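# Structural features, examined
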Amino acid sequence: MTQLNFPYQIKRTSRKGSVAIQIRDGQVRLLAPHRVPLRDLEAFLRSREPWIQEQLQRPPSPPRANHQLEAGDSLLFLGQPQTISHNTAEQPGVVQRKGDL
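Okay, so let's go over this structure.

The rules behind each value
- Residues numbered from 1 in each chain as written.
- Predicted model: local features only at pLDDT ≥ 70, side-chain atom pairs only at ≥ 80, totals over all residues.
- Heavy atoms only, no water.
- Buried < 20%, exposed > 50% of the residue type's maximum accessible area, 1.4 Å probe, protein only.
- Helix = DSSP H or I, 4+ residues; strand = E, 2+ residues; numbered from the N terminus.
- Arc of directions from axis to C-beta.
- Contact = heavy atoms within 4.5 Å.
- Core = buried A, V, L, I, M, F, W, Y, C linked by side-chain atoms within 4.5 Å.
- Axes fitted to C-alpha atoms, helices over the stretch in contact; angles between N-to-C directions.

## Focus: helix α1 (residues 38-47)
Residues L41, E42 and L45 constitute the buried set of α1. In a view along the axis of α1, the buried residues occupy a sector of 100 degrees, so they form one face of it. As for α1, its buried residues are in contact with β1 (8-13), β2 (20-24), β3 (27-33) and α2 (49-57).

Right, here's the structure in full:
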């Protein structure tokens, strides 16, 4: 059996039938149902090794900004600029009116 060129972790789950690969922070994790044999999981990883290696070579995504939107802020919504407004008299939720959210 061919040795894989990256470390990985297997997490057994109660997933119904699918096997999934997660790559986060340079770590490879395989999510798999309890009933799938280890040899099948290793074969699956080998078949996806080029893709996994490509993902591991990518630079990490920059951290997301933790920005709270406030009344008067502007953002793009469906490609159109919108201004945030806040009205406590209305029902909770988001409403779009003439360029305002």
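## Examining the nonpolar core
Of all hydrophobic cores here, the largest spans 10 residues; its members are L4, F6, I21, V28, L30, A32, V36, L41, L45 and I52. For this core, the elements supplying multiple residues, two or more each, are β3 and α1. Here the element with the most residues in this core is β3; it accounts for 3 residues. When near neighbours in sequence (up to four residues on either side) are disregarded, A32 contacts K11, R12, T13, R15, S18, V19 and L41.

## With respect to the environment of R35
Along the chain, the position of R35 falls in the loop between β3 and α1. Through-space distance from the C-alpha of R35 to that of T13 is 9.5 Å; in sequence the pair is 22 residues apart. Apart from residues lying up to four places away in sequence, R35 is in contact with R12, K16 and G17.

## Things to note about α2
Listed in full, the buried residues belonging to α2 are E49, I52 and Q55. One side of α2 carries all its buried residues, which in axial view fall inside an arc of 125 degrees. The exposed residues of α2 that point more than 90 degrees off its buried face are P50 and Q57.

## Examining the packing of α1 against α2
Axis separation between α1 and α2 bottoms out at 5 Å; the angle between their running directions is 65 degrees. Contact with α1, carried on its side by L45, R46 and S47, involves E49, P50 and I52 of α2 and no other residues of that element.

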